[in-house]
Amino acid sequence: MATASIFSTVNTHVTHLFNSSSPIIGKPSPSNSTSVRSMVSFSRKTLTPIRFSSSPADHSPAASVTSPTVEGITTRSKTSLKSRLHGGETLYGMFLLSFSPTLAEIAAHSGYDYVVVDMEHGHGGIPEALDCIRALNAAGVAAVLRLPENCPTWAKKALDLGPQGIMFPMIESRKDATKAVSYCRFPPEGIRGSAHTVVRASKYGIDEGYLGNYADELLIMCQVESAEGVKKADEIAAVDGVDCVQMGPLDLSASMGYLWDPGHKKVREMMRRAEKAVLTSDPAKGGAYLSGFAMPHDGPAAIRERGYSMVAGAVDIGLFRNAAVEDVRRFKMGLVNESDGEDSLDNGKDVDDEKYWSE
């Protein structure tokens with residue numbers, strides 16, 4: 001509804017209210033007509049929408065004195081995942097499969113640069129993802145949503161929540177990647193359904209610069225996680241709009257017949273082939289950044305050294321599992337040692353050397 005229409009409606013309702021035969025209010029007398037005008041004027045002020053904008057064109061000195069929140073939106077473009085990647089940063093993140101807002105907050109306060117809310121393998125849907133995004137946003141950390149599948153319906157619902165990034169699984173060709181990007185763009189550039197005047201991504205319509213900047217802010221990630229995808233990794237990275245190619249070592253190993261051995265020599269060779277294809281592309285000239293998961297045989301430091309710009313080093317469920325298993329082990333080992341009269345709980349073993357993999 002236009003602002004003028006809102007004001008007209010307010011005037012009509014207020015006039016009707018004070019001209020009615022209500023025994024509580026009744027008609028206004030000439031002596032209180034001034035107060036009626038004041039109420040109408042106050043209503044107009046409170047109904048005036050705050051002018052937020054993330055458009056650089058709106059960052060004039062006049063616009064900068066409207067509200068403290070404007071500064072927050074202005075700063076957003078400087079601290080988004082996309083901007084940080086363009087600035088040469090290597091970002092460290094984790095995957096959230098529990099859909100726990102509490103664990104999302106803990107992850108954010110722990111210092112991760114981003115958290116991937118995983119709707120592909122996690123049990124949660126859109127409502128649960130929204131709770132996690134709110135928790136992450138409140139703690140100042142970027143949220144990326146991984147979709148269950150590469151389709152326009154899931155993309156539309158996910159994007160309307162307002163994540164900084166969106167991850168499409170199982171991209172195997174230029175065609176797949178092009179479709180994924182089209183799901184993220186409004187017509188005529190794409191086929192994304194539009195409700196930008198009311199959805200969370202646009203601050204429920206308050207961010208007037210959303211349509212002008214949404215494409216610049218959103219990080220689009222395409223997963224290459226099959227042998228077929230590796231063959232087309234260079235083409236996928238070159239698709240306009242694809243910002244990151246996310247490697248998927250587990251699905252890749254499965255597609256090659258090594259489900260139980262993701263560290264197999266042939267799988268590693270295939271990974272290197274894909275990595276080279278993506279790293280050869282130049283993000284400044286339409287190419288893509290490389291992102292991926294840490295593995296038991298391929299830790300975060302090794303991935304970073306090979307040129308990955310986004311590294312996911314853990315999964316929330318995996319971290320809790322490791323801690324729980326270790327906690328129980330320590331307790332039960334303590335009982336055994338007590339019964340044996342031994343002082344050491346670990347029998348001389350350095351627990352810190354034992355590594356568990358967060359899938």
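Residues numbered from 1 in each chain as written. Predicted model: local features only at pLDDT ≥ 70, side-chain atom pairs only at ≥ 80, totals over all residues. Heavy atoms only, no water.

**Things to note about the overall build of the protein**
Defined as follows: Each helix corresponds to a stretch of at least 4 residues labelled H or I by DSSP, and each strand to a stretch of at least 2 residues labelled E; elements are numbered beginning at the N terminus. Here, residues are in contact when the closest pair of their heavy atoms is within 4.5 Å. The accessible surface values rely on the Shrake-Rupley method and a 1.4 Å probe; as for residues, cover is taken only from the protein chains in view.
A count of helical and extended segments in the protein gives 15 helices and 8 strands. Pairs at least 24 residues apart make up 61% of the contacts formed inside the protein by residues separated by at least 6 positions. Total accessible area computed for the protein in this model is approximately 18700 Å², and 56% of it derives from carbon and sulfur atoms.

**Topic: the packing of aromatic side chains**
Aromatic ring pairs are defined here through the distance separating the ring centres and the angle between the ring planes. Where we set the bar: The criterion for an aromatic pair is that two Phe, Tyr or Trp rings (for Trp, the six-membered ring) have centres within 6.5 Å, with stacked assigned to planes under 30 degrees apart, edge-to-face to planes over 60 apart and tilted to the rest. Exposure is judged per residue with a 1.4 Å probe applied to protein chains only, and the accessible area is read against the type maximum: over 50% gives exposed, under 20% gives buried, and values in between give partly exposed.
Scanning the entire structure with this criterion turns up 5 aromatic pairs. Between Tyr92 and Tyr112, the ring centres sit 5.6 Å apart and the planes meet at 25°, which makes this aromatic pair stacked. Within this pair, whereas Tyr92 is found in strand β1 (residues 91-96), its partner Tyr112 is found in the loop between α5 (101-110) and β2 (114-118), the two being separated by 20 residues in sequence. Tyr92 gets classed as partly exposed once you look at its relative accessible area, which sits at 32%. For Tyr112, a relative accessible area of 17% gives the class buried. With 4.8 Å between their ring centres and 45° between their planes, Phe95 and Phe293 make a pair best called tilted. Of this pair, Phe95 sits in strand β1 while Phe293 sits in strand β7 (residues 289-293), placing them 198 residues apart in sequence. Both residues of the pair, Phe95 and Phe293, count as buried.

**A few points about the pairing of β2**
For clarity, the threshold we go by: By the convention used here, strands pair only if DSSP detects at least 2 bridges between them. Viewed with both strands pointing away, a crossover whose connecting path from the first strand over the helix to the second turns clockwise is right-handed.
Burial runs high along β2: 5 of the 5 residues are buried. Side chains of β2 alternate between two faces, with Tyr114, Val116 and Asp118 and Val115 and Val117 buried alike. Relative to β2, β1 is paired through 4 bridges, and the arrangement is parallel. The partner of Phe95 across the bridge, within β2, is Val116. In terms of handedness, the path from β1 via α5 over to β2 forms a crossover that is right-handed. Alignment of β2 against strand β3 (residues 142-146), held across 5 bridges, turns out to be parallel. Bridge assignment links Val117 to a residue of β3, and that residue is Leu145. As a crossover connection, the stretch from β2 through helix α6 (residues 126-138) into β3 is right-handed.

**A word on the pattern of salt bridges**
Threshold: Between Lys or Arg on one side and Asp or Glu on the other, a salt bridge is scored when a side-chain nitrogen of the former is within 4 Å of a carboxyl oxygen of the latter.
If you walk through the whole model with that rule in mind, you get 13 salt bridges. Where Arg306 meets Glu275, a salt bridge forms, and the shortest distance between an N and an O atom there is 2.9 Å. Remark: Glu275 occurs in helix α13 (residues 265-280) and Arg306 occurs in the loop between α14 (300-305) and β8 (310-315); sequence separation between them is 31 residues. Taking the relative accessible area as the measure of exposure, Arg306 reaches 21% and is therefore partly exposed. A salt bridge links Arg329 to Glu326; the nearest nitrogen and oxygen atoms lie 2.9 Å apart. Of this pair, Arg329 and Glu326 both sit in helix α15 (residues 316-340), separated by 3 residues, roughly a single helical turn. With a relative accessible area of 21%, Arg329 lands in the partly exposed category. The class for Glu326 is buried, based on a relative accessible area of 12%. If you follow the salt bridges from partner to partner, you end up with Arg272, Glu275, Asp298 and Arg306 in one network.

**Observations concerning the side chain of Asp118**
For Asp118, the position within the fold is in strand β2. Given the relative accessible area of 1%, Asp118 is considered buried. Discounting chain neighbours no more than four positions away, the residues touching Asp118 are Phe95, Leu96, Leu97, Phe99 and Arg146.

**As for the environment of Ser100**
For Ser100, the position within the fold is in the loop between β1 and α5. Taking the C-alpha atoms as reference, Ser100 lies 9.3 Å from Asp316; in sequence the two are 216 residues apart.

**Regarding the sheet that holds β2**
Sheets are built from strands paired through backbone hydrogen bonds, the pairs being either parallel or antiparallel. Rules: An axis is simply a line fitted to the C-alpha atoms; with a helix, the fit covers only the stretch in contact. Between two such axes, the angle follows the N-to-C directions and lies from 0 to 180 degrees.
The parallel closed barrel is built from 8 strands, whose spatial order is β1-β2-β3-β4-β5-β6-β7-β8. Averaged over all neighbouring strand pairs, the angle between strand axes comes to 25°, with direction disregarded.

**Examining α5**
The criterion, for reference: The arc in question is formed by the directions pointing from the helix axis toward the C-beta atoms.
All of the buried residues in α5 are Ala104, Ala107 and Ala108. Buried residues along α5 cover an arc of 100° about the axis, so they all sit on one side. Counted as exposed and oriented over 90 degrees from the buried face of α5: His109 and Ser110. Turning to α5, the residues buried within the fold contact β1, β2 and α6.

**Things to note about the pairing of β3**
When you tally the buried positions in β3, you get 5 out of 5 residues, the bulk of the element. Bridge analysis of β3 against strand β4 (residues 165-168) gives 3 bridges, and the strand direction is parallel. Considered in β4, the bridge of Leu145 is made with Ile166. In this view, the connection linking β3 to its parallel neighbour β4 by way of helix α7 (residues 152-159) has right-handed handedness.

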